[in-house]
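What follows is the residue order along each chain.
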Amino acid sequence: MNVLKKDIVIKLDNVTMNFNLAQEQFSGLKDLFIMFTKGKLKFNKFSALKNVSLEIRRGESWGLIGENGCGKSTLLKVISGIYRPSSGSVTVNGSIAPLIELGAGFDLELTARENIFLNGAVLGYSKKFIRQHFQEIVDFAELGDFLDLPIKNFSSGMIARLGFSIATIVKADILVIDEILAVGDAAFQEKCHKRMQEIMASGTTVLFVSHDADQVRKMCDKAVYLSGGEIVYKGNIEEAYKLYELGGKIK
Amino acid sequence: MNVDWKIIRKYIPLLQQLVLRDLKIKYRRSFLGYLWSLMNPLLMMWILTMIFSYVFRFDIPNYPLYLITGQIVFGFFSESTTVAMSAVLSNAGLLKKVYLPKFVFPLASVISSFVNMLFSLVAIFIVMVATDVSLQPTLLFLPLGLVILFVFSLGIGLALSSLSVYFRDMFHLYGVLTTAWSFATPIFYPVNIIPEDLRYILYYNPLYYILDFFRKIILYDTVPDGSDIMLCIAISCISLVVGISIFRKLQNKFVMYI
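As the structure is a prediction and not an experimental result, all values here were calculated from the model.

**Student:** Can you help me understand the pattern of salt bridges in this one?
**Tutor:** Side chains bearing opposite charge may pair, as long as their charged atoms lie close to each other. Counted by the stated rule, this structure contains 15 salt bridges over all chains. With its nearest N and O atoms 2.7 Å apart, the salt bridge here joins A:Lys191 to A:Glu142. Of this pair, A:Lys191 sits in helix α7 (residues 186–201) while A:Glu142 sits in the loop between α5 (127–141) and α6 (156–167); the two residues are 49 residues apart in sequence, bridging distant segments of the chain. Put simply, A:Asp107, B:Arg21 and B:Asp22 are held in one network by salt bridges that share partners.

**Student:** Explain the nonpolar core to me, please; I cannot follow it from the model alone.
**Tutor:** Soluble globular proteins: nonpolar side chains tend toward being buried together. Grouped together as the largest cluster of nonpolar side chains are 82 residues, with contacts concentrated most on B:Leu65, B:Leu100 and B:Ile218. Those residues in contact with B:Leu100, other than ones at most four positions away along the chain, are A:Val122, B:Tyr11, B:Leu14, B:Leu94, B:Leu95 and B:Phe105. Counting 28 residues, the second largest nonpolar core, distinct from the first, contains A:Leu12, A:Ala48, A:Ile174 and A:Leu207.

**Student:** Even after reading the chapter, I still don't get unusual backbone geometry, so can you show me in this structure?
**Tutor:** Glycine aside, a negative phi is what most residues show, and trans is what most peptide bonds show. In this structure, A:Asn51 is a non-glycine residue whose phi angle is positive, near 45°. Structurally, A:Asn51 can be placed in strand β2 (residues 45–57). Judged by relative accessible area, A:Asn51 falls into the exposed class, the value being 52%. At B:Asp132, a position not held by glycine, the phi torsion is positive, near 60°. Inspection of the secondary structure assignment puts B:Asp132 in the loop between α7 (104–130) and α8 (142–166).

**Student:** What is the right way to read the interface of chain B and chain A from this model?
**Tutor:** Size of an interface: often given as the accessible area lost when the parts come together. With 21 residues of chain B in contact, the opposing surface of chain A contributes 29 residues. With both chains or domains summed, chain B and chain A bury close to 2,300 Å², and 61% of this area falls on carbon and sulfur atoms. Broken down residue by residue, the surface that chain B buries against chain A is led by B:Gln17, B:Lys97 and B:Met256, which jointly contribute 28%. In this structure, the connection of chain B to chain A is made through 3 salt bridges. The shortest N-O distance in the salt bridge between B:Arg21 and A:Asp107 comes to 3.3 Å. Where chain B packs against chain A, one counts 5 residue pairs in polar contact (both at pLDDT 80 or more). Among the secondary structure elements, those contributing two or more residues to the side of chain B that touches chain A are α2 (12–26), α6 (92–95) and α13 (254–257) of chain B. Examining the composition of the side of chain B that touches chain A, we find that 7 residues originate from one element, α2(B), more than from any other.

**Student:** Explain the state of the cysteines here, please?
**Tutor:** Covalent bonding between the sulfur atoms of two cysteines defines a disulfide. Counted under the stated rule, the structure contains 0 disulfides over all chains. Unpaired in terms of disulfides, A:Cys220 finds its nearest cysteine sulfur in A:Cys70, a separation of 15 Å. Note on A:Cys220: relative accessible area 7%, which makes it buried. Here B:Cys237 stays unpaired: no disulfide links it, and the sulfur of B:Cys232, its closest cysteine neighbor, is 11 Å away.

**Student:** For this particular structure, what's the right way to read helix α4 (residues 63–85) of chain B?
**Tutor:** One full turn of an α-helix is made of 3.6 residues, so residues set three or four places apart face in the same direction. The first and last C-alpha atoms of α4(B) sit 32 Å apart over 23 residues, in line with the 33 Å expected at 1.5 Å per residue. Among the 23 residues of α4(B), 18 are classified as buried, and the element is accordingly described as predominantly covered.

**Student:** Got a minute to help me understand the sheet that holds strand β1 (residues 8–20) of chain A in this structure?
**Tutor:** Across a sheet, strands are paired by hydrogen bonds formed along the backbone, either parallel or antiparallel in direction. Residues and elements named next belong to chain A. With respect to topology, 3 strands assemble into an open sheet ordered β2-β1-β4, the strand pairing being antiparallel. At either end of the open sheet lies a strand with only one pairing partner, and these are β2 and β4 (87–92). Neighbour-to-neighbour, the strand axes of the sheet open up by a mean angle of 20°, direction not taken into account. Here 9 bridges tie β1 to β2, and the two strands are oriented antiparallel to one another. Within the sheet, the bridge partner assigned to Lys 11 lies in β2 and is Glu 55. Here helix α3 (residues 72–80) sits on the sheet and contacts β1, β2 and β4; the angle it forms with β1, its principal contact strand, is near 120°.

**Student:** Mind showing me how you'd approach the packing of aromatic side chains here?
**Tutor:** Summed over the entire model, instances satisfying the criterion amount to 27 aromatic pairs over all chains. Relative to B:Phe188, the ring of B:Phe183 lies with its centre 6.1 Å away and its plane at 90°, an arrangement referred to as edge-to-face. Using a relative accessible area of 18% as the deciding quantity, one classes B:Phe188 as buried. What links up through ring pairs into an aromatic cluster is the set B:Phe52, B:Tyr63, B:Tyr66, B:Phe183, B:Phe188 and B:Tyr189. Taking the ring centre of A:Phe140 as reference, the NZ or CZ of A:Lys191 above it sits at 4.6 Å. One Lys or Arg, B:Arg215, reaches over the ring of B:Tyr66 and ends 3.5 Å from the middle of that ring.

**Student:** Would you explain the UniProt feature "transmembrane region" (unreviewed entry) in chain B in this entry?
**Tutor:** All names here are of chain B. Mapped onto the present numbering, the UniProt feature "transmembrane region" (unreviewed entry) falls on residues 31–56, 68–91, 103–128, 140–159, 171–189 and 228–247. Taken end to end, residues 31–56 is 81% helix and 0% strand, and its first and last C-alpha atoms sit 35 Å apart. Annotated as 92% helix and 0% strand, the span residues 68–91 places its first and last C-alpha atoms 33 Å apart.

**Student:** Teacher, can you tell me more about the side chain of A:Lys72 here?
**Tutor:** As for its placement among the helices and strands, A:Lys72 is situated in helix α3. Ignoring sequence-local partners within four residues, the contact set of A:Lys72 consists of A:Leu64, A:Ile65, A:Gly66, A:Glu67, A:Val209, A:His211 and A:Leu226.

**Student:** Any chance you could explain the environment of B:Ile148 here in plain terms?
**Tutor:** Residue and element names in this part refer to chain B. Inspection of the secondary structure puts Ile 148 in helix α8. Taking the C-alpha atoms as reference, Ile 148 lies 28 Å from Leu 100; in sequence the two are 48 residues apart. With residues up to four places along the chain from it excluded, the contact list for Ile 148 reads Ile 210, Cys 232, Ile 233 and Ser 236.

**Student:** Would you explain the confidence of the model for chain A in this entry?
**Tutor:** The predicted structure's coordinates, where accompanied by low pLDDT, should not be read in detail. Scored by pLDDT, chain A has a mean of 82; 85% of the residues are at 70 or more. Within chain A, α5(A) carries the highest mean pLDDT (91), whereas helix α1 (residues 21–25) of chain A carries the lowest (61).

The rules we used
- Residues numbered from 1 in each chain as written.
- Chains lettered and ligands numbered in written order.
- Predicted model: local features only at pLDDT ≥ 70, side-chain atom pairs only at ≥ 80, totals over all residues.
- Heavy atoms only, no water.
- Salt bridge = Lys/Arg side-chain N within 4 Å of Asp/Glu carboxyl O.
- Helix = DSSP H or I, 4+ residues; strand = E, 2+ residues; numbered from the N terminus.
- Core = buried A, V, L, I, M, F, W, Y, C linked by side-chain atoms within 4.5 Å.
- Buried < 20%, exposed > 50% of the residue type's maximum accessible area, 1.4 Å probe, protein only.
- Contact = heavy atoms within 4.5 Å.
- Buried area = accessible area lost by both parts, 1.4 Å probe.
- Polar contact = N/O pair within 3.5 Å; in protein donor to acceptor, adjacent residues only side chain to side chain.
- Disulfide = S-S within 2.5 Å.
- Expected span 1.5 Å × (residues − 1).
- Pairing = 2+ DSSP bridges.
- Axes fitted to C-alpha atoms, helices over the stretch in contact; angles between N-to-C directions.
- Phe/Tyr/Trp six-rings, centres within 6.5 Å; stacked < 30°, edge-to-face > 60°.
- Lys NZ or Arg CZ within 6 Å of the ring centre and 35° of its normal.
- UniProt positions renumbered as here; feature names shortened; annotations may be inferred.
- pLDDT = per-residue confidence, 0-100.

Structure below.
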């Protein structure tokens with residue numbers, strides 16, 4: 001790993017992420033043969049990210065904005081280490097807490113209590129850590145008497161609440177949030193926001209994807225505007241939105 | 001190979017939780033629960049013993065014990081590898097959203113099957129007691145046999161779990177393959193019914209040697225030769241090394257295909 005300047009937590013250097021669409025399209029020998037004879041197999045390249053370079057410092061909160069399919073989520077996945085970039089380098093300094101789709105690590109057959117331990121382990125927490133924070137998680141999620149019920153009986157709001165309280169229990173260096181803050185009822189959303197603010201106040205770096213401009217403005221002080229996999233603008237959040245709205249009109 | 005032990009250590013709790021989940025869910029809501037791990041092999045043995053003692057006659061001393069040993073050893077192998085095969089794909093949703101070391105999933109499947117088999121071993125002891133076989137000190141070799149079997153199955157399981165991401169046909173093929181494999185392993189028949197000129201099939205079958213190891217210590221009260229033990233260890237190590245290499249080579253592009 002490269003040695004970074006101390007306060008830079010994420011550094012993307014010329015990152016390009018290619019997907020081969022042809023691989024997705026064939027669904028058997030017949031298609032493979034047809035595409036092979038047409039010479040289509042190798043050339044159907046799709047770049048979800050093109051030469052993206054970005055430096056993010058400790059304690060900053062960045063919003064990622066842009067149209068659907070512009071590469072926001074791909075960028076988050078590259079930073080989280082889920083995708084390996086086709087070229088370029090990604091250096092991350094610190095632990096990442098992913099808040100991508102709450103409850104992805106749940107097993108519906110298990111009870112809430114069992115799922116807290118399972119999901120905690122998915123996020124890389126130790127058993128001891130979860131035990132110490134168990135009550136805090138349960139209290140925040142407001143599960144009450146349902147703790148020992150299989151979560152297949154839960155409402156989606158309850159599952160999301162549980163997911164949120166597990167994921168935010170840890171003091172990670174970097175928090176990655178992809179469109180998930182529309183969780184639960186108004187009262188719970190308020191609670192989520194409060195917790196997010198607490199986390200940010202403690203010096204955690206935040207990456208935030210949302211189509212809700214008000215929310216992004218409320219949470220972030222900087223923004224990246226992506227279009228077609230390329231960074232159009234990075235820096236001041238108002239400037240980014242101005243360009244974004246302009247870009248929408250030109251189209 | 002450079003292995004990142006820090007990452008492995010970090011995800012040991014995940015491994016524990018996954019195994020625990022498998023074990024909890026397997027028998028949840030069934031009345032007899034874990035007893036099934038014990039009763040299943042016994043019931044199967046009972047049925048097969050009826051068939052092969054009265055319908056087709058094999059001349060094997062203590063046929064029930066011969067049979068149940070074969071069943072449990074092969075049963076573990078085929079169950080663990082089959083479950084491991086789909087381990088990566090069935091956790092696709094998770095792997096696409098959170099960074100996790102991918103080997104955790106097939107490893108957890110093989111460990112869960114292994115724990116299950118440990119329950120089934122009680123069935124072997126029950127049959128030993130029921131058929132008046134005394135517990136011999138050769139049984140001290142049982143843990144070694146179990147490790148060999150585990151490592152062998154883990155290697156195959158890792159290879160299958162990564163190959164199946166790219167070739168979904170594996171799921172359809174492997175069922176046929178394990179059936180063929182089960183007939184090529186002397187589970188319910190004695191080796192001597194195989195014609196001499198076809199026996200080479202057995203000799204190319206790694207499970208034949210591993211099963212033989214188990215039968216020697218459980219059924220025949222003999223300690224396997226040093227060369228037999230070395231062969232079994234070599235077989236399982238080769239399986240693991242090959243499995244790990246295939247998995248490591250293929251795992252980087254998993255997310256693109258799942």
